Amino acid sequence: MKETDLTQRLDSQRRDHGFSIMQVLIVLALVSIVTTFGAIGIVKARAHMRLNNSVRQFASWAEKARGDSVRRHAMGADRASITLNDATTYTVSMDLDRDGVVGAAEVKTYTLETGVVFTSATPITVTFDWRGRSITGEVTPVMALTNDASSSKLITVTGSGDVTIEAQIFQDAGIPTPTLNGNPSGDSRSDPTPNPTATPTPVATATPTPTPTPSSSVSPTPTPTPTPTGCNNGGNNCQSPTPTPTPTPTPTPTPTPTPTPTPYPTTGPCTLTASPSSLSIGNKVTKAVTLSVNNATTVTTIAATANSNTSHISVSLAPGQSATVSNGSGSAIFNILLNGTNQSGTITFTAVSGCGATATVTIN
C-alpha cells in the first residue's frame, strides 16, 4: 500500500471520532456566560426604559396641568394640580373635558411602572395658578428603581412653573430676594418727583341780567288855542273862532322786559352709574363696563368692592385707564372676564372717596 493511501485512511478515522467531552464543556460554558450577561443587560435595559417612561409621563402631566390653568385663567379651587399620593401613585386634577371647570370625574390617578418608585417625601401637591406659576413653590420629586437606587431621575418643578428632568436650573433658593425699598447710591438719574394732586377749578355761576326799567311815557305838548280876532262894525263882523281840538297824546308802549336767565342748577348729590348694568358673557370672554361719577366734591377713586363669584369672575381696570376722578365728574373703564360656562354673579363698584355712591353690574 502506498504511503499516501495510509495517510488518507488515518485522517478519515480521526474525523469519525468527533469532538471530545472537554471541548463540548468549554463551548457550553462560554455560551452560558454570554447568555447570562446578555439576559442581565436586557433586564437592566428594560428597567431603565420603565423608569424613563414613568419620568416622562409624570413631567408631561405636570406640563398639561400647568397649561390647563393658564388656558382657563383658573382661580381658587378650579386651579389645576398634580399630587404625589404615595411611593407608586400620583393624581392629576385638571379640566379634561374642556368645559371650563374641574369636575370630580376629571381627577385621575396614575400608577408608576413596575419597579419604579418615588424616593422623595409624599404626599405633596403642586398647584398651578392662572399665570402658570407653582403656588406651592419649588418641588423636586425623585424617581428611582427599587432594585437599583443609584439609577434615579430628578424632576424639578420651579416656583415659576418650569418642569425639567435632570437639567441644570436656577433653584428658587439660589435666587436672592430683591430689595424693593432700598436706597442705592450712584444712580445716574434720580427718581422723578410725583405730580401734586390737581385742585379742581370751581365752575363759575352766571350772574343773572337785571330786569330793565321801562322808560316813562312823555305826554305831547298840546297846540295852544288861538286868540280870537277883534270885532268890526260894531260887533257885526264878529265871528266865533273855530277852536282847534286838543290832540289826544299817543301813549308810549311799555317795553317788554328781557327775561332773567335761569342760573345753573345747584349741584345735586354724588352719583355712580354703570353702563351697561347687566352683561351676558361666555366662557373666556372679556367685556368692558364704564363707571361714571357725577357731582363728586373731591378727588374720587372708583373700585370694585364686592364680587359674589370670585372663583369664575375677575375684574380689572382696563389698560390705559385711571380709577381716579379729579374734577368732580368723570369715568373709568373696567374689564370683566368670565372663566367657565353657565356662570353668574354680581359685582359692586363704589366711589370710595368724596362720594360713597355705589353701582351694581349683574353677570348672567
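So, a few notes on the structure that sits alongside this text. (Residues numbered from 1 in each chain as written. Predicted model: local features only at pLDDT ≥ 70, side-chain atom pairs only at ≥ 80, totals over all residues. Heavy atoms only, no water.)

## Structural notes on the side chain of Thr300
Operational definition: By definition, any uninterrupted DSSP run of H or I lasting at least four residues is a helix, any uninterrupted run of E lasting at least two residues is a strand, and each is numbered from the N terminus. Think of it in three bands: with a 1.4 Å probe and only protein chains considered, a residue is buried below 20% of the maximum accessible area for its type, exposed above 50%, and partly exposed in between. A 3.5 Å cut-off defines polar contacts: any pair of N or O atoms within that distance qualifies, except that in protein one atom must be a possible hydrogen donor and the other a possible acceptor, and neighbouring residues in sequence count only when both atoms are side-chain atoms.
Its location among the elements puts Thr300 in strand β12 (residues 300-307). On the basis of relative accessible area, Thr300 is assigned to the buried category, the value being 0%. Engagement of the side chain of Thr300 in a polar contact is seen with the backbone oxygen of Thr298, the distance being 3.1 Å.

## Section: the pattern of salt bridges
To keep things clear, this is the line we draw: Just to be clear on terms, a salt bridge is a Lys or Arg side-chain nitrogen sitting within 4 Å of an Asp or Glu carboxyl oxygen.
Considering all chains together, one arrives at 4 salt bridges under this definition. The salt bridge partner of Arg71 is Asp68, with a shortest N-O separation of 2.8 Å. In this pair, Arg71 and Asp68 are both assigned in helix α2 (residues 21-72), 3 residues apart and thus about one turn of the helix distant. The exposure class of Arg71 is partly exposed, given its relative accessible area of 33%. We note a salt bridge from Arg72 to Asp68, for which the minimum N-O separation is 2.9 Å. Within this pair, Arg72 and its partner Asp68 are both found in helix α2, separated by 4 residues, close to a single helical turn. Judged by relative accessible area, Arg72 falls into the buried class, the value being 1%.

## Let's talk about the nonpolar core
Burial of nonpolar side chains together is a common tendency in soluble globular proteins. Basically, it comes down to this: Here, nonpolar core means buried Ala, Val, Leu, Ile, Met, Phe, Trp, Tyr and Cys residues that are tied together by side-chain atoms lying within 4.5 Å of each other. Throughout, a residue-residue contact means that at least one pair of heavy atoms, one from each residue, lies within 4.5 Å.
Phe58, Ile82, Tyr90, Phe118 and Met143 are the most contacted members of the largest nonpolar core, which totals 25 residues. Among the secondary structure elements, those contributing two or more residues to this core are α2, β1 (81-84), β2 (89-93), β4 (116-118), β6 (142-145) and β7 (148-157). The greatest single-element share of this core, amounting to 8 residues, is contributed by α2. Discounting residues that sit within four places of it in the chain, Ile82 has contacts with Phe58, Trp61, Ala62, Tyr90, Thr91, Val92, Ile124, Thr125 and Val126. In this structure, Val293, Ala323, Phe334 and Ile363 belong to the second largest nonpolar core, which totals 24 residues.

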